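Chain by chain, the residues:
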Amino acid sequence: GQQVMQIPQYQHVQEGEDFTTYCNSSTTLSNIQWYKQRPGGHPVFLIQLVKSGEVKKQKRLTFQFGEAKKNSSLHITATQTTDVGTYFCAGWFGNEKLTFGTGTRLTIIP
Amino acid sequence: GAVVSQHPSRVICKSGTSVKIECRSLDFQATTMFWYRQFPKQSLMLMATSNEGSKATYEQGVEKDKFLINHASLTLSTLTVTSAHPEDSSFYICSAEGRRGPSYEQYFGPGTRLTVT
């Protein structure tokens, strides 16, 4: 079936260090979305990428969609304690169902 | 941005009873709503897709007679966990689909934490 894998599963970084999470699909995605879920909270939409090779930035966050539209990454520069949470990618495969990745749990060491 | 509410936020029930969870889109009409289940420290697992005025589409392995979904209006979908058992304890999250440009975006409710004793 259609699966979206995400690595790493966990990431502990010192405050101020960078962080990257990677998302991979075995089949081509129509588009990919990224969500952040704070501990005890619900997923909150961050961004959507549609075009091959697309790069979007939101302040310290950089999102990238691969040329083949099978992978994506989220990079956070100079992490802050407010970045704590689980980051999920979620892909549309052209059907009407959003498939979530396994998530990367980010913890920050002050 | 779009707002989705979910009620109740927490519920504790006894084994064998039924629990109804409501999901409402507050400021937009959602023809499609989704119900997810999330176990601790795990990803969201889609349970079913709910379309207004029609029967829900359940994912493989989800018992439709146990998890009853009703989408009676463009702003309300309900999930009823019938004859709940401790293994049904989980975090249930709904989302409502809204259009953003050429693509669709999901707006998530705050979730309902169900504990079955």
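Residues numbered from 1 in each chain as written. Chains lettered and ligands numbered in written order. Predicted model: local features only at pLDDT ≥ 70, side-chain atom pairs only at ≥ 80, totals over all residues. Heavy atoms only, no water.

1. Notes on the confidence of the model for chain B
Moving on, step 1. Per-residue pLDDT for chain B has a mean of 89; in total, 93% of the residues score no lower than 70.
Moving on, step 2. In the model of chain B, strand β10 (residues 103-108) of chain B stands out as the element of lowest mean pLDDT, 76, in contrast to strand β2 (residues 10-13) of chain B, which has the highest, 96. (pLDDT = per-residue confidence, 0-100. Helix = DSSP H or I, 4+ residues; strand = E, 2+ residues; numbered from the N terminus.)

2. Section: the interface of chain B and chain A
Moving on, step 1. Listed per partner, the contact involves 20 residues of chain B and 19 residues of chain A.
Moving on, step 2. Both faces combined, the contact of chain B with chain A buries some 1,600 Å², and carbon together with sulfur accounts for 55% of it.
Moving on, step 3. Area buried by chain B at its contact with chain A is led by Lys 41, Ser 43 and Phe 108 of chain B, which between them contribute 27% of it.
Moving on, step 4. At the junction of chain B with chain A, the criterion picks out zero salt bridges.
Moving on, step 5. Across the chain B-chain A interface, the total number found is two residue pairs in polar contact (both at pLDDT 80 or more).
Moving on, step 6. Residue assignment for the side of chain B that touches chain A shows that the elements contributing at least two residues are β4 (32-38), β5 (44-51), β9 (90-100) and β10 of chain B.
Moving on, step 7. At five residues, β10 of chain B tops the list of elements feeding residues into the side of chain B that touches chain A.
Moving on, step 8. Its residues placed into classes, the side of chain B that touches chain A shows nine nonpolar, six polar and five charged. (Contact = heavy atoms within 4.5 Å. Buried area = accessible area lost by both parts, 1.4 Å probe. Salt bridge = Lys/Arg side-chain N within 4 Å of Asp/Glu carboxyl O. Polar contact = N/O pair within 3.5 Å; in protein donor to acceptor, adjacent residues only side chain to side chain. Nonpolar A, V, L, I, M, F, W, Y, C, P; charged D, E, K, R; others polar.)

3. Describing the side chain of Ser 25 of chain B
Residue and element names in this part refer to chain B.
Moving on, step 1. Mapped onto the elements, Ser 25 comes out in strand β3 (residues 19-25).
Moving on, step 2. For Ser 25, a relative accessible area of 3% gives the class buried.
Moving on, step 3. A polar side-chain atom of Ser 25 sits 2.8 Å from the main-chain carbonyl oxygen of Phe 28.
Moving on, step 4. Residues contacting Ser 25, with those up to four places away along its chain left out, are Val 3, Val 4, Ala 30, Met 33, Leu 74, Thr 75 and Ala 96. (Buried < 20%, exposed > 50% of the residue type's maximum accessible area, 1.4 Å probe, protein only.)

4. Things to note about the environment of Gln 38 of chain B
Moving on, step 1. Structurally, Gln 38 of chain B is set in strand β4.
Moving on, step 2. Owing to a relative accessible area of 8%, Gln 38 of chain B belongs among the buried residues under this scheme.
Moving on, step 3. When the C-alpha positions of Gln 38 of chain B and Ser 50 of chain B are compared, they lie 18 Å apart, and in sequence the two are 12 residues distant.
Moving on, step 4. Setting aside residues up to four positions removed in sequence, Gln 38 of chain B forms contacts with Gln 37 and Phe 88 of chain A together with Ser 43, Leu 44, Ser 90, Phe 91 and Ile 93 of chain B.
Moving on, step 5. In terms of polar contacts, Gln 38 of chain B uses its side chain to reach the backbone carbonyl oxygen of Gln 42 of chain B, at 2.8 Å.

5. Some words on the sheet that holds strand β7 (residues 61-65) of chain A
All names here are of chain A.
Moving on, step 1. Read across the open sheet, the five strands follow the order β1-β3-β8-β7-β6; overall the sheet is antiparallel. At either margin of the open sheet sits one strand with a lone partner, and together these are β1 (4-7) and β6 (55-58). Pairs of neighbouring strands in the sheet enclose a mean axial angle of 15°, with direction left out of account.
Moving on, step 2. With four bridges joining them, β6 and β7 adopt antiparallel strand pairing. Each residue of the ladder has a partner; that of Lys 57, found in β7, is Thr 62. (Pairing = 2+ DSSP bridges. Axes fitted to C-alpha atoms, helices over the stretch in contact; angles between N-to-C directions.)

6. A short note on the nonpolar core
Moving on, step 1. Core analysis: the biggest nonpolar cluster contains 24 residues, and Val 4, Trp 35, Leu 79, Tyr 92 and Leu 114 of chain B have the highest contact counts within it.
Moving on, step 2. Secondary structure elements with two or more residues in this core: β2, β3, β4, β5, β7 (67-73), β8 (76-81), β9 and β11 (112-116) of chain B.
Moving on, step 3. If we skip the residues at most four places from it in the chain, Tyr 92 of chain B touches Gln 6, Ile 21, Tyr 36, Arg 37, Met 47, Phe 67, Leu 79, Gly 111, Thr 112 and Leu 114 of chain B.
Moving on, step 4. Within the second largest apolar cluster, 20 residues are counted, among which are Ile 32, Ile 47, Ile 76 and Phe 93 of chain A. (Core = buried A, V, L, I, M, F, W, Y, C linked by side-chain atoms within 4.5 Å.)

7. Considering the sheet that holds β8 of chain B
All names here are of chain B.
Moving on, step 1. Read across the sheet, four strands follow the order β1-β3-β8-β7 without closing on themselves; strand pairing throughout is antiparallel. Taken across any chain shown, the strands that pair with only one partner, and hence form the sheet edges, are β1 (4-7) and β7. The average undirected angle you get between the axes of adjacent strands in this sheet is 15°.
Moving on, step 2. Inspection of the sheet shows β1 paired to β3 by four bridges, in the antiparallel sense. When the sheet's bridge partners are listed, Gln 6 is paired in β3 with Cys 23.

8. Here we look at the pairing of β8 of chain B
Residues and elements named next belong to chain B.
Moving on, step 1. With six of its six residues buried, β8 lies for the most part within the structure.
Moving on, step 2. The alternating pattern of β8 places Leu 76, Thr 78 and Thr 80 and Ser 77, Leu 79 and Val 81 on opposite faces, both of which are buried.
Moving on, step 3. The pairing of β3 with β8 spans six bridges and is classified as antiparallel. Along β8, the bridge assignment pairs Cys 23 with Ser 77.
Moving on, step 4. Once β7 ends, the chain turns through two residues before running back antiparallel as β8.

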